Structure formats: C-alpha cells, structure tokens
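Single-letter residue listing:
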Amino acid sequence: MSEVKRLVKNTMIIAIGSISTKLITFAMLPFYTAYLTTAEYGIYDYIFQIAMFVLPAITLLMDESVFRFLIDCKDDYDKKVVISNALILEIIGTVIFVILAYGLGTYFEINYLIYSIAYIVACVLATIVNPIMRGQGKYTLFTLFNSLISLFLTILSIVFLMIFNMGVEGLLLANTLAHFIMFVLFSVLLKIWLYIDLKSINLKKINEMIRYSSPLVLNRLAWIFINIANRIIIMEFLGAIIAGTFAVAYKFPLLVSTVYGFFGVSWQETCLKEVFTKDWPGVPERVRWRINSVRKIKQKTEEWRDKTMKKHIYDESNGLSYTLHGDYYLPDLAVNEEESTYGKYGMLRKQFLKEHRPARYQYLVMTGELTGHLNQVDQDAREQVEILVKQMAEK
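Just so you know, these numbers come straight off a predicted model, no measurement behind them.

Some words on the packing of aromatic side chains
No. 1: Evaluated as defined, the whole model comprises 11 aromatic pairs.
No. 2: Between the aromatic rings of Phe 69 and Tyr 212, the centroid separation amounts to 6.0 Å while the plane-to-plane angle is 75°, which identifies the pairing as edge-to-face. Note that Phe 69 is positioned in helix H4 (residues 62-70) and Tyr 212 in helix H9 (residues 203-237), a separation of 143 residues in sequence.
No. 3: You can call Phe 69 buried: its relative accessible area is 9%.
No. 4: Exposure remark for Tyr 212: the relative accessible area of 21% places this residue in the partly exposed category.
No. 5: Put simply, the rings of Phe 31, Tyr 32, Tyr 35, Tyr 41, Tyr 44, Phe 48 and Tyr 119 touch in pairs and so form one group of aromatic residues.
No. 6: The side chain of Arg 68 reaches across the aromatic face of Phe 69, ending 5.2 Å from its centre.

Side note on helix H5 (residues 76-107)
It helps to recall that an α-helix has 3.6 residues per turn; residues three or four apart then point in one direction.
No. 1: The end-to-end C-alpha distance of H5 is 46 Å, a good match for the 46 Å that 32 residues give at a rise of 1.5 Å each.
No. 2: Within two residues after H5, Glu 109 carries a phi angle of roughly 55°, on the positive side.

What to know about a nonpolar patch on the surface
No. 1: A grouping of Ile 92, Ile 96, Leu 100, Leu 104, Tyr 107, Phe 108 and Ile 110 is seen on the molecular surface, where their side chains present a nonpolar patch of about 780 Å² in accessible area.
No. 2: Tracing the backbone shows Leu 104 in helix H5.

Description of helix H6 (residues 113-135)
No. 1: The end-to-end C-alpha distance of H6, which contains 23 residues, comes to 34 Å, matching closely the 33 Å that a straight helix rising 1.5 Å per residue would cover.
No. 2: Taken across its 23 residues, H6 has 19 buried, putting it largely inside the fold.
No. 3: Residue Gly 137 follows H6 closely and has a positive phi angle near 75°.

A word on the pattern of salt bridges
No. 1: The tally for this structure, following the rule as stated, stands at four salt bridges.
No. 2: Its salt-bridge partner being Arg 231, residue Asp 45 comes within 2.5 Å of it at the nearest N-O pair. In this pair, Asp 45 is assigned in helix H3 (residues 38-59) and Arg 231 in helix H9, connecting sequence segments 186 residues apart.

Brief notes about the packing of H3 against H6
No. 1: Between H3 and H6, whose axes approach to 10 Å, the crossing angle comes to 50°. With respect to H6, the element H3 is oriented oblique. Judged by the sense of rotation from one axis to the other, the crossing of H3 with H6 is right-handed. Across the interface between the two elements, Ile 47, Phe 48, Ala 51, Met 52, Val 54, Leu 55, Ile 58 and Thr 59 from H3 touch Ser 116, Tyr 119, Ile 120, Cys 123, Val 124 and Thr 127 from H6.
No. 2: In terms of residue class, the contact of H3 with H6 is built from 11 nonpolar, three polar and no charged.

Overview of unusual backbone geometry
No. 1: Phi angles above zero are rare outside glycine, and Leu 61 is one such case at about 50°.
No. 2: Here Leu 61 shows up in the loop between H3 and H4.
No. 3: Residue Leu 61 is classed as buried on the basis of its relative accessible area of 3%.
No. 4: One non-glycine residue, Lys 191, adopts positive backbone phi at about 55°.
No. 5: Here Lys 191 shows up in the loop between helix H8 (167-190) and H9.
No. 6: For Lys 191, a relative accessible area of 46% gives the class partly exposed.

So, the pairing of strand S1 (residues 312-315)
No. 1: Bridge analysis of S1 against strand S2 (residues 320-325) gives four bridges, and the strand direction is antiparallel. Note that in S2 the partner of His 312 across the bridge is Thr 323.
No. 2: Connecting S1 to the next strand, S2, in antiparallel fashion are four residues, including Gly 319 with a positive phi near 75°.

Let's talk about the confidence of the model for the protein
No. 1: Here the protein averages 81 in pLDDT, while 78% of its residues score no lower than 70.
No. 2: Here helix H11 (residues 251-277) is the element of the protein with the lowest mean pLDDT, 57, and H8 is the one with the highest, 94.
No. 3: This model gives residues 277-283 a pLDDT under 50, and the stretch forms five contacts once residues within four places in sequence are excluded.

About the thresholds
- Residues numbered from 1 in each chain as written.
- Predicted model: local features only at pLDDT ≥ 70, side-chain atom pairs only at ≥ 80, totals over all residues.
- Heavy atoms only, no water.
- Phe/Tyr/Trp six-rings, centres within 6.5 Å; stacked < 30°, edge-to-face > 60°.
- Helix = DSSP H or I, 4+ residues; strand = E, 2+ residues; numbered from the N terminus.
- Buried < 20%, exposed > 50% of the residue type's maximum accessible area, 1.4 Å probe, protein only.
- Lys NZ or Arg CZ within 6 Å of the ring centre and 35° of its normal.
- Expected span 1.5 Å × (residues − 1).
- Patch = residues over 30% accessible without salt bridge, like charges linked within 9 Å, V, L, I, M, F, W, Y side chains within 5 Å.
- Areas by Shrake-Rupley, 256 points an atom, 1.4 Å probe, with all protein chains shown as cover.
- Salt bridge = Lys/Arg side-chain N within 4 Å of Asp/Glu carboxyl O.
- Axes fitted to C-alpha atoms, helices over the stretch in contact; angles between N-to-C directions.
- Parallel < 35°, antiparallel > 145°, perpendicular 65-115°, else oblique.
- Left-handed = near helix turned anticlockwise from the far one by under 90°.
- Contact = heavy atoms within 4.5 Å.
- Nonpolar A, V, L, I, M, F, W, Y, C, P; charged D, E, K, R; others polar.
- Pairing = 2+ DSSP bridges.
- pLDDT = per-residue confidence, 0-100.

Right, dumping it as structure tokens:
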C-alpha cells in the first residue's frame, strides 16, 4: 500500500473513532446534568482537567517516545528495548506521583482524593498500550481502544449515577474502571508481556527517549495550562456552580477541535517516517516557508473578519446587545447594584454566605442583589439591636 493511500486510510479510521467518541460524550451531557448538580459537574470537570495537566509530567510523554522509536524498530528485540525502558520510567513516575499526591492531598484535606489518584493512574496505564498500537501501525485497534473506553464509560456512568447515585465519586470511578478494563483487555490482545524484558533496560536508550520527549512535555504542559487557566480562575474565584456551567458550554467547541485533532494523529506517523528515514535538503527553508504561509493566511483571515463582522450587534429575540471580542460576540451585561450602606452586620452576613451558603452567595452576586440583601440584613439587625437595648434599659 502506498504512503498516500495508507495516510488516507488511517485518517478515515481515526476520524470515525474520534468523532463517534466525542459524539457519545456530547450526547451524555443531558444525562450528567440530570444526575449531577451544576457544582458537582464543575468539580468533576476540574479534576479531569487537572488530571490531563499532570499526566505529561508523570509519564514524561513516554507514549510519544514509544510511538516514535517503534517506527524504527527492525525486530522484536528492538521493540522490547523501547517498551521496557518506557515502562520503567512510567512506573517510577507513577509511584512518585501517588506518594506526593496522597501526602499533599491528605495534608490539605482535598476532596475525592483517592478517586482522583485512581483515575490518573488508570490514564497512565492507557498510555502504555496506546503508542504500541500506533507505533506498529494498528490504527484500527487504536481507534477501537478509545471508542470502547467511551462506550464502557457511558455504561458505567449510567450504573453508578442512576442506580447507585454516587455523584462525582461515581463518575470518577466509571472513568477509572473504563480505562483499567480496556488496558487489561488490550494488553492481553497485544500480548504486551512479550515486549517486556527487564534485561533490556538500557540507560543510554532511556536518555535518548527522554531527550526526544522532554521538549514535547514542556510544549504539552504549556498548551494544557492555557486551556485550563480559565477553569482554575473560575473555580477559585467564582465557585463550582459557575465552573460547571462553563464546563458544559465548553463541550461545543471541543467538537470542532476534534476535526483537526485526528489529522494530527494520523499524519504524525507519515511525517516521522519522512523526516527520519529520508534525506531532506532544505528542511529549515521549507519549515520557514510553511510557517510564513500560515501567518499570512491568519493575517488575511483576521482582516476579513474585521471587515465583515460588526463590532456591535443587537438580538431582537432576547433584547440583548453584543460586542465583538476577538472571534466571539459576548453579551453586554451590567449588574445594577444598590449603593452599599451596610456595616458590621452586613459584613458578617456576607462572610456567612460565602462560607456556609456558597450557592446562594453566587446567585446574589450574579443577579446583582447581593448589596441590597446585605443592606436589608444590616438594617434589620440594627433595628433588632435598638429594640433589645431599649427593652433592657426599661428593665
């Protein structure tokens, strides 16, 4: 099969798997929001994003190294060397992570600690079998692996949320079991034990694999941090309810990102083979030309957007006006609050709401009723104090 035909075939296979996986996840949103509160879904999404952030640091992206070096392997012994060395590094990273996460989590009394650690470890296990399938060109199995994870996650989520009503713990447990079951099943299918040989541990090979993956780790962490920075800010400053609303809304653009995501996965193998197996004169010049071409396209796109998209629009259906910020129209929302006149009792009420009634506090803030509420509470409290003082004076 020619390289072009294989590229097209792999792209189609991964496209079908990626789109179906995302559609399943998207279709489950009404179910999740029915059996989880907005705050609970916000907490789950927050844990999920943190897990995606720490995974590259735990595994050192050995899955990328395994994929890269398996392409060059000439026989089973070479495959043993690559997989065994990567496995050792992932085991060491996982052990260090579990010790640190459990110690710090226990000290700071972090909620859902055990479930979160178990979920991250299960994701690490999944990164062991994934690159083995990709590195050997088994893209059908690779796609099937990820699709079955989504399918099992759906089934287990229904069981734990609908039947056992386990909330966030149930969703994390469903994720953990889905990844772990698929890891065991595909490890048996691939006979992964045949590729593991402790005698093949080679410090030179480990160093070579780390040198390849370390720049990728920094790049991956930077991109993930950009994506989760908004969630961190929302969770810490606005609370889990707002974070949950944002997490649900963010599922829509994820469907779009899936379209170009599967191209990267399928084309990576072809690019690596071309770069590392052929003599390419003038590669830096070609790369520079590609980058400049992309920049010109981006510049022309932005110019077209600025000319065609109005700065301000008005939607008659809901009576809201919108302003263009970058590529998105955001509603012109303004909260009209009363002038704050409350004193000691109003501040005590505000502190109480923050600590013990966070949901009501967020509602009052978002609706602009917080200041008026605090003014009224302060006034009522002062009137009660005056009445009590008069009654005590009369006695």
